[in-house]
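In case you want the letters, here they are:
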Protein chains: 2
Amino acid sequence: MTDQHNLDVAVVGATGAVGAELLRCLERRGFPVGRLKPLASARSAGRTVEFRGAPLAVEALSSDSFAGVDLAFFAASNAVSRAYAPLAVAEGCRVVDNSSAYRLEPDAPLVVPEVNGEALAGRPALVANPNCVAAISVMALAPIHRRNPIQRVIGSTYQAASGAGAAAMDELKAATAAALAGETFEPQVLPHPYGFNLFSHNTAIDPATGYNGEETKVMAELRKILGAPDLRISFTCIRVPVPRAHSMALTVECERPLAPEDVEAWMAEAAGMRLVNDAAANRYPMPIEASGRDEVLVGRIRRDLSDPSGRSVSLFLSGDQLLKGAALNAVQIAEALIA
Amino acid sequence: MTDQHNLDVAVVGATGAVGAELLRCLERRGFPVGRLKPLASARSAGRTVEFRGAPLAVEALSSDSFAGVDLAFFAASNAVSRAYAPLAVAEGCRVVDNSSAYRLEPDAPLVVPEVNGEALAGRPALVANPNCVAAISVMALAPIHRRNPIQRVIGSTYQAASGAGAAAMDELKAATAAALAGETFEPQVLPHPYGFNLFSHNTAIDPATGYNGEETKVMAELRKILGAPDLRISFTCIRVPVPRAHSMALTVECERPLAPEDVEAWMAEAAGMRLVNDAAANRYPMPIEASGRDEVLVGRIRRDLSDPSGRSVSLFLSGDQLLKGAALNAVQIAEALIA
């Protein structure tokens, strides 16, 4: 029996990289879980996952999975979210969806709680969790945008393996071990050899624009989260041989001139951000330090020397792709929904 | 005895990563070397390097090293170039200097032969070889700048270990092997752990601007090579866990609107450039393919969607840091000097 203050919580995609982090975030943040129901494809059913020290059998996702469930996290494919999230909602279950299926639908709030948590006030039935690059970058953009509206963003990313799932994280290790041993490696998960290599993000290029799917998502989602439909944005998304934290170099043009020192102060006081900006020690955000950490690291805050108007600054971020880029943000959304 | 058509050539820093590539470039390009004189610090003297299949003893660099030498490549520190390049020039030896000691001196041409080879017409006694990021990026910028003057460049780099020397390349391997084995690793060469990690470039930050030494060099050198003293430039230089090819994302604003298709055509016909721009196969420049290759790879050529004027394009490059970024460009300079 579920305690009346606790919730029946389902995690769809419980055996994936994001699913595993969802379980850890629910545990360590003391989310009021009564019963935890791990769901996955029939292929993974019967495997076990651990929650609060006890093994739980993974159940095969079906149209009956959501009866009596209060809250479901979806961390699987767009197709799975499209097929099953409406069924869950119809059962009265609240959904936090990590896929991109609903992110741009006008009815679905797309939320980073520190930025636009007010979108959760009406306790919507389905909330979309943003793309990882959008979630991490908006954490740094929002504190600027609130003080001095951003007009243009140019971003280059240094994206980790985890964005392509647990299998890509394993492939990074295997490809690197092969490269160190001087052996050839045939990629199975990603389209190119990953050992000591980097490549343009492995999503399809839109022939109309030349931008890939990742870049297109980031640009559209940033506009929606910031409520700035006319914001001019260009991203270049690159996959680098790093396990689980995304980094990004951003150049941000605002409406009025701004001082890098002020931006530093805004970052230092922003919830969920950690300033790592030690020029004397040449110490700035690094994925190795962002990994496993809830905060997004920010540094290299300086005037953009290519804009003499003084309205542009550049900065560098690292944030854990599986935490603020996925599971942590989803659990924060759920916390706000049940508050 | 040296053949009268052949030259006595010294390589200062012959035991380093760039020195080794200089020897290979001189060999494979059939540079008219009569005698090859490998020079290094007293510490490395007595070691041997191979040239044209024969071992050559490395001599300790001294003030007598350049007597009778026709041409010297300097691939050591700024201090070595400052101390010994003037002595070499005084002996009537031509110098191609890979250090940054003379790059911004008005009397010293700073040359990428495909871009500003005309600066070699007067057969100057000392020619500076540019910073690796400047050399690689200017290869893509110049074909645009010639047709439609560039007004602004925003660049983010993905820089390889080799730019920090052979010891850094070894440290990348050792740090990565340790990370794969789950062992801790104490960095010796670079300031931060390099295994599956990336970090802001390890040159000192200028407190006046917030830019590091690498970024400052790239910005100043690009202006000099392009002969565009007012060009507005901002770079973010990041070291990534890749052995020897630098990649970079560039956003380029021109005087007038330009079409990505035209830029593609300009790149395809530019000497020393190779277009790798296959959207259907999601195949773009990668360090693994740029490594060991003379050409700079360029792709992801597209309109910068953040500039509605149509005057900006974005592109992505990979180029071998030790070749076009150092040794190859130096040998090309020497070829022009003796032509």
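Residues numbered from 1 in each chain as written. Chains lettered and ligands numbered in written order. Predicted model: local features only at pLDDT ≥ 70, side-chain atom pairs only at ≥ 80, totals over all residues. Heavy atoms only, no water.

Engineer: I keep staring at helix H4 (residues 132-147) of chain A and nothing clicks. Help me out?
Structural biologist: Two residues of an α-helix separated by three or four positions point the same way, owing to the 3.6 residues in each turn. All names here are of chain A. Compared with the 22 Å implied by 1.5 Å per residue over 16 residues, the 24 Å span of H4 between its first and last C-alpha is a close match. Its maximal kink placed at Val138, H4 deviates by approximately 40°. The buried fraction of H4 amounts to 14 of the 16 residues, a majority that puts the element mostly inside the structure. Where H4 begins, the capping side chain belongs to Asn131, and its oxygen is found 2.7 Å from the backbone nitrogen of Val133. (Helix = DSSP H or I, 4+ residues; strand = E, 2+ residues; numbered from the N terminus. Expected span 1.5 Å × (residues − 1). Bend = angle between axes of the 7 residues up to and from the residue. Buried < 20%, exposed > 50% of the residue type's maximum accessible area, 1.4 Å probe, protein only. Polar contact = N/O pair within 3.5 Å; in protein donor to acceptor, adjacent residues only side chain to side chain.)

Engineer: What exactly am I supposed to notice about the relation of the copies chain B and chain A here?
Structural biologist: Put simply, the two copies of the chain differ by a rotation about an axis and a shift along that axis. It takes a turn of 180° to lay chain B on chain A, together with a shift of 0.0 Å along the axis; the resulting RMSD is 0.0 Å. Taken together, the turn and the small shift mark the pair as related by a two-fold rotation axis. Residue by residue, 100% of the interface of chain B is reproduced at the interface of chain A, so both copies engage with the same surface. (Least-squares fit on C-alpha atoms with pLDDT ≥ 70 in both. Contact = heavy atoms within 4.5 Å.)

Engineer: I'm lost on the environment of Tyr211(A) in this one. Help?
Structural biologist: As for its placement among the helices and strands, Tyr211(A) is situated in the loop between strand S10 (199-200) and helix H6 (213-226). In sequence terms Tyr211(A) and Val276(A) are 65 residues apart; their C-alpha atoms lie 31 Å from each other. Contact partners of Tyr211(A), with chain neighbours within four places excluded, come to Ala204(A), Ile205(A), Asp206(A), Thr216(A), Met219(A), Ser234(A), Phe235(A), Arg300(B), Arg302(B), Arg303(B), Asp304(B) and Leu305(B).

Engineer: In this structure, what is going on with the pairing of strand S16 (residues 312-320) of chain B? I would like to understand it.
Structural biologist: Two faces make up the sheet, and in a regular strand the side chains alternate between them. All names here are of chain B. Burial analysis of S16 places 9 of its 9 residues in the buried class, which makes it a mostly covered element. By the alternation rule, side chains of S16 split into Ser312, Ser314, Phe316, Ser318 and Asp320 and Val313, Leu315, Leu317 and Gly319, which are all buried. For strand S15 (residues 296-303) and S16, the ladder comprises 5 bridges, and the chain directions are antiparallel. If you follow Arg302 over to S16, its bridge partner there is Ser314. (Pairing = 2+ DSSP bridges.)

Engineer: Explain the interface of chain B and chain A here, please?
Structural biologist: By a frequent convention, interface size equals the accessible area lost on bringing the separate parts together. Facing 61 residues of chain B, the contacting portion of chain A comprises 61 residues. Roughly 4,800 Å² of surface becomes buried between chain B and chain A when both sides are summed, with 61% attributable to carbon and sulfur atoms. The interface formed by chain B and chain A includes 6 salt bridges. Residue Arg302(B) pairs with Glu215(A) through a salt bridge whose shortest N-O separation is 4.0 Å. Summed over the shared surface of chain B and chain A, the result is 33 residue pairs in polar contact (both at pLDDT 80 or more). When residues of the side of chain B that touches chain A are assigned to their parent elements, the largest contribution, 6 residues, is made by strand S9 (residues 150-158) of chain B. Residue classes in the side of chain B that touches chain A are distributed as 30 nonpolar, 20 polar and 11 charged. (Buried area = accessible area lost by both parts, 1.4 Å probe. Salt bridge = Lys/Arg side-chain N within 4 Å of Asp/Glu carboxyl O. Nonpolar A, V, L, I, M, F, W, Y, C, P; charged D, E, K, R; others polar.)

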